[in-house]
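# Remarks on the overall topology
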Amino acid sequence: MSAEDQIEDSSAPLIEHLAELRTRLIRSVLAFVVAMVACFTVADPILNFISTPLAEVLRSRGEDARLIFTAPQEKFFVLIRISIVMGFAVSFPVIAHQLWRFVAPGLYRSEQSAILPFLIASPVLFLMGASFAHYVVTPLAMNFFIGFSDAIPALANLIAGDGTFSNPDAAANTELQTVFLGSVRESLDLALKFIFAFGLCFQLPVLLTLLGKAGLVTAEGLGNVRKYAVVGILTLAALVTPPDVITQVILFVVVYGLYEISIWLVRMVERQRLRRLRAEGILDEDEEL
């Protein structure tokens, strides 16, 4: 066999893989485009749903629950952004299926059975984190940010410069009053930031368990760095939440609970690996990893 024949034979599988990859990508893009167009038809109700926590906060304060747009094209592009985000979420099962169909033939049966549960658990955990952000964190954050604009002026109106209490009614008549007029784009961006931040935080068990399966982390090692994890989670809570102690404590408790669950899952993975190695005769019954 000539060298050219050898090169052609070796390149044939590569061409087949590239053709398969192109087919999977085309199907994924088509699924995303169809989902995005479908979501655009209901983008306005989706915007209303995402803005519900802000609307409830405004109603509880006796204010008008409306958002404004300051440019003619602002709301249109907001709806486009919602369509892109929700289109990806709706088409994710199809995209994940196409990715799985491309990768699965190159994996052993044991590897397929190990990875498939994580492909199912990942979107479920992201949905749980997004729901937690929408129903718990976003109302607290919106209430803090909007209420903060009234807290300082109210304190200044009560206490005069000489240490005496001033007349709030008189101060209201003489000082500039501020009113919240929420922008559609800015309010949506803040709500989506919370949704994505908590959705990604809820991926912690999936990430650490995969690292445990790969042998990159151990349950004992995760337990030994628990104090550093506490500091890291507190830092994360301070960065992704408003300067509100209640919200930061909620995020810390949730993420730290996920960290402890991750340690338990990695320990289960290690026990399964230990039983498998003993069954294959690689390790003795009294021998540990």
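Note that the coordinates shown come from a computational prediction; the quantities given were computed from them, not determined experimentally.

Calculation notes
Residues numbered from 1 in each chain as written. Predicted model: local features only at pLDDT ≥ 70, side-chain atom pairs only at ≥ 80, totals over all residues. Heavy atoms only, no water. Helix = DSSP H or I, 4+ residues; strand = E, 2+ residues; numbered from the N terminus. Contact = heavy atoms within 4.5 Å. Areas by Shrake-Rupley, 256 points an atom, 1.4 Å probe, with all protein chains shown as cover. Core = buried A, V, L, I, M, F, W, Y, C linked by side-chain atoms within 4.5 Å. Buried < 20%, exposed > 50% of the residue type's maximum accessible area, 1.4 Å probe, protein only. UniProt positions renumbered as here; feature names shortened; annotations may be inferred. Arc of directions from axis to C-beta. Salt bridge = Lys/Arg side-chain N within 4 Å of Asp/Glu carboxyl O. Axes fitted to C-alpha atoms, helices over the stretch in contact; angles between N-to-C directions. Parallel < 35°, antiparallel > 145°, perpendicular 65-115°, else oblique. Nonpolar A, V, L, I, M, F, W, Y, C, P; charged D, E, K, R; others polar. Phe/Tyr/Trp six-rings, centres within 6.5 Å; stacked < 30°, edge-to-face > 60°. Left-handed = near helix turned anticlockwise from the far one by under 90°.

Time to look at the overall build of the chain. Per the secondary structure count, the chain includes eleven helices and two strands. When the helices and strands of the chain are placed in sequence order, the string is α-α-α-β-α-α-α-β-α-α-α-α-α. In the chain, 75% of the contacts between residues at least 6 apart in sequence involve partners at least 24 apart. Roughly 18200 Å² of accessible area belongs to the chain as shown, and the carbon and sulfur atoms make up 67% of that amount.

Here we take up the nonpolar core. Within the largest apolar cluster, 37 residues are counted, with the highest numbers of intra-cluster contacts made by Leu47, Ile82, Leu188, Phe198, Leu222 and Tyr259. When residues in this core are grouped by element, the largest group, eight residues, is from helix α7 (residues 184–201). Apart from residues lying up to four places away in sequence, Ile82 is in contact with Ala43, Ile46, Leu47, Gly87 and Leu188. Grouped together as the second largest cluster of nonpolar side chains are five residues, Leu54, Val57, Leu58 and Met142 included.

To continue, consider the UniProt feature "transmembrane region" (unreviewed entry) in the chain. The residues that UniProt annotates with the feature "transmembrane region" (unreviewed entry) are residues 29–50, 76–95, 115–137, 190–212 and 246–266. Annotated as 100% helix and 0% strand, the span residues 76–95 places its first and last C-alpha atoms 27 Å apart. Secondary structure across residues 190–212 comprises 91% helix and 0% strand; the distance between its end C-alpha atoms is 34 Å.

So, on to helix α2 (residues 43–50). Among the residues making up α2, those that are buried are Ala43, Ile46, Leu47 and Ile50. Taken end-on, α2 shows its buried residues confined to a sector of 105°, consistent with a single buried face.

A few words now on the pattern of salt bridges. One pass over the full model with this rule turns up six salt bridges. Its salt-bridge partner being Glu186, residue Arg185 comes within 3.0 Å of it at the nearest N-O pair. Judged by relative accessible area, which is 44%, Glu186 ranks as partly exposed.

Residue placement: Glu186 occurs in helix α7. In this structure the C-alpha to C-alpha distance between Glu186 and Val78, which are 108 residues apart in sequence, comes to 9.7 Å.

Running from N to C, α2 and helix α4 (residues 74–103) point in directions that differ by 85°, and their axes come no closer than 9 Å. As far as their axial angle goes, α4 and α2 are roughly perpendicular. Across the interface between the two elements, Ala43, Asp44, Ile46 and Leu47 from α2 touch Lys75, Val78, Leu79, Ile82, Ser83 and Met86 from α4. A per-class count over the contact of α2 with α4 returns seven nonpolar, one polar and two charged.

Moving on: the packing of aromatic side chains. By the definition in use, this model includes nine aromatic pairs. An angle of 20° between the planes, with centres 6.5 Å apart, marks the rings of Tyr256 and Tyr259 as stacked. On the criterion of helical spacing, the pair formed by Tyr256 and Tyr259 is a turn pair, its members being three residues apart in helix α11 (residues 245–279). A relative accessible area of 23% means that Tyr256 is categorised as partly exposed. By relative accessible area, Tyr259 is classed as buried at 6%. Connected via pairs of aromatic rings, a cluster forms that spans Phe40, Phe76 and Phe77.

On to the environment of Pro123. By the element assignment, Pro123 lies in helix α5 (residues 109–158). With relative accessibility at 30%, the residue Pro123 sits in the partly exposed group.

What follows concerns the packing of α4 against α7. With their axes 10 Å apart at the nearest point, α4 and α7 run at an angle of 15° to one another. Put simply, α4 runs roughly parallel to α7. Crossing handedness for the pair α4 and α7: left-handed. On the side of α4, the interface is formed by Glu74, Val78, Arg81, Ile82 and Val85, while α7 contributes Val184, Arg185, Leu188, Asp189 and Phe196. The class makeup of the residues in the contact of α4 with α7 is six nonpolar, no polar and four charged.

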